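One letter stands for each residue in the lines below.
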Amino acid sequence: MLTVDVDEENTPNSQVLYFLISQTPSLKESGFQIDRLSGEMQLSGCLDYETAPRFTLLVGAKDLGEPPLTSTATVHVNVQEGNNHRPTFTRENYRIQVSEGRTSPSVLRLPVRDGDLPFTSAWRVRFHILNGNEEGHFDILTDPETNEGILNVIKPLDYETRPARSLVIAVENEELLFPCEGGRVRGPGGVAASATVSVQVMDANDPPAFHPRSFVVSEVDGAGPGIQLGVFNATDPDRAAGPVRYKLAYDPASWVTVDELSGTVTTTQQMDRESPYVNHSFYTIIVQAVDDGLPPQTGTGTLMLFLSDVNDNAPALHPRSQYMEVCESALSETLLLQAEDADLEPYADPFTFELDNSWESAGDTWKLGESRGRSVELLMLTSLPPGNYSVPLFIRDKQGLSQKQTVHVRVCSCPGGGTCVEPSVVVTGTGLLMGALAPTCAALVMLAATLLCLLRCCFVSEVRPGSSEEGQQTLIMYNDESKPISTQGRPDIMDQVPVLVLDAAGAGAELGTKGCDMLFEPRGVRNKYSTLVFQDTVVPRQCLDARAWKVVETLSQKLRGLDALAGDTGEPPHIYAEEGECEGAESLSSLAFSEPDQDPWASQAAAREEMHSKSGGPS
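Residues numbered from 1 in each chain as written. Predicted model: local features only at pLDDT ≥ 70, side-chain atom pairs only at ≥ 80, totals over all residues. Heavy atoms only, no water.

S.K.: Hey, could you run me through the overall build of the protein in this one?
M.R.: Tallying secondary structure elements over the protein gives 4 helices and 37 strands in all. Burial analysis of the protein (619 residues in total) assigns 32% to the buried set. Taking as baseline every contact in the protein between residues at least 6 positions apart, the subset at least 24 positions apart corresponds to 63%. Summed over its atoms, the accessible surface of the protein is roughly 37,000 Å², and 54% of this surface lies on carbon and sulfur atoms. (Helix = DSSP H or I, 4+ residues; strand = E, 2+ residues; numbered from the N terminus. Buried < 20%, exposed > 50% of the residue type's maximum accessible area, 1.4 Å probe, protein only. Contact = heavy atoms within 4.5 Å. Areas by Shrake-Rupley, 256 points an atom, 1.4 Å probe, with all protein chains shown as cover.)

Dropping the structure here:
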């Protein structure tokens, strides 16, 4: 405490003494004191926030003059919350059951008590698993709202390995503990509160376990079928002698098969290290083992097949080097040819390049330059006219395995520098292509095919012309030759399909039902002048296919124009008998025409009626 006295210094009138008048609340275990000369206030004992969170002190000061003068001051002391209460569990023992083979969040909540101010560091707690969690199957967190401990299973438990276990869990505050008991500080020592959790693991159907889960097998590239690569070994953890079935889960190239009972892996076809399913010479095979539980569980094992390389691939030109371009004037320009080999060292590069000596103009036109292991230079010795050329050569690997390759070189004009400006249209040399003519030829072939189809349709649709006679003819032959078939004795034919009749105007009308194999029935049709001009026929629509129906429609269209023919006198046309078997006549005179001044139609109609009456045909 500090005081000021305006009396003369170093005299009794300015000397001050301090004293404590009162303390509220007044505690027996602890209290405040003040030094009489310095005014320094001190605490005796310790404070408990929960007992007295604040104090009010009345302090006095007086001088030594005559008479002594006195002043007072009030001091307010606020007590800060401290961790002076140890957290404790509401229960000391817990018992839970946990299923094996899976993780389980929040299997148990552990509440605690703490006498400190809630939601402060003195009240918040932290939990620790002291014993029973050596394999790391559990962890425990703190609920920030309720201050409870949340026990979780973070690693699946195994009933067969350890069916039961006991956890010892301790709790402490975030802030260090300084307990104040009886006005005296007991220090941060002491044993933290703990609780015991007994865990019972519940048995479940476990998947078969492979021993080992994966293994590596080596085999030579190109090995054929029937080779035993290895044997998978899987057991059922629930029953040591339980049956296990094996099945192939992953074999992208379909190279192997696995025995269902023994787990033996055997090749079924030749294996190739250059297959796209082989990654860095390793081919992966995955097999599953299935037990007989309910529901059945599946385990997975892996076989890594290492295919050691053999020299089974000859070097070949890289796709970019199979077709090259060079200007006709670029005699000094070199073409870089690159080769590749699917085999590994020592069955690959450096490669040896040689021109095919059997090629007639190899030495005069082309030359191989410097070889660089996997590439070689190709030089043009003489100026060649624009066109396409083939350069055959042999490429040999380090072990001597070779094959013939062909470089297709396009020599072109380069008026603007080193870039070709027009495609090749002339084929020169051996093995050259007709590239520019191919699209034109294809277009011509397509055009010719289209014209042939159109001509064929026109000829099919065209009606065959009938017999010609002197004078104007108005008949068009439209029915095909057929043999007349009698319908007598076949009443079933009359009830088969409806018949569609085409009149001279092309309109259709339902007349009844008749058979498809019956004779065409003549029917009279008159034109707009009510004059008989044509003997129509009854045509069954269902008896005609698409092509025949097209012919009928074409005929109908032509019949519509008969009335508009020039010089139509309205006289009836000549009546023809239907073609078929030969029919007898009494004499040649019955078939002869009348004189021109007579009516030809009447005599021929009479002759036809007489023929029909004798043959039993329709009248």
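S.K.: Please clarify how the pairing of strand β29 (residues 352–355) should be interpreted in this entry.
M.R.: When a strand is regular, its side chains alternate between the sheet's two faces. With burial as the criterion, only one face of β29 is covered, namely that bearing Phe 353 and Leu 355; the residues Thr 352 and Glu 354 on the opposite face remain uncovered. Pairing of β29 with strand β32 (residues 387–396), which is carried by 4 bridges, proceeds in the antiparallel orientation. Pairing of Phe 353 across the sheet is with Ile 395, part of β32. (Pairing = 2+ DSSP bridges.)

S.K.: In this structure, what is going on with the side chain of Ser 321? I would like to understand it.
M.R.: Note on placement: Ser 321 falls in the loop between β26 (316–317) and β27 (323–327). Given the relative accessible area of 3%, Ser 321 is considered buried. With residues near it in sequence (within four places) discarded, Ser 321 still touches Leu 336, Leu 337, Gln 338 and Val 407.

S.K.: Whenever I open this one, a nonpolar patch on the surface confuses me. Can you help?
M.R.: Together, Leu 176, Phe 178 and Val 185 make up a nonpolar patch on the protein surface, roughly 330 Å² of accessible area in all. Relative to the assigned elements, Val 185 resides in strand β15 (residues 184–185). (Patch = residues over 30% accessible without salt bridge, like charges linked within 9 Å, V, L, I, M, F, W, Y side chains within 5 Å. Salt bridge = Lys/Arg side-chain N within 4 Å of Asp/Glu carboxyl O.)

S.K.: Would you take a moment to explain the packing of aromatic side chains for this structure?
M.R.: Each aromatic ring pair is characterised by the separation of its centres together with the angle its planes make. If you walk through the whole model with that rule in mind, you get 9 aromatic pairs. Taking the centre distance of 5.3 Å and the plane angle of 70° together, the rings of Phe 32 and Phe 55 count as edge-to-face. Residue Phe 32 is located in strand β2 (residues 31–34), and its partner Phe 55 is located in strand β4 (residues 54–63); the two are separated by 23 residues in the primary sequence. Overall, Phe 32 belongs to the buried group, its relative accessible area being 13%. What makes Phe 55 buried here is its relative accessible area of 2%. By the ring-pair criterion, three or more aromatic residues cluster together here, those being Phe 210, Phe 215, Phe 232 and Tyr 246. (Phe/Tyr/Trp six-rings, centres within 6.5 Å; stacked < 30°, edge-to-face > 60°.)

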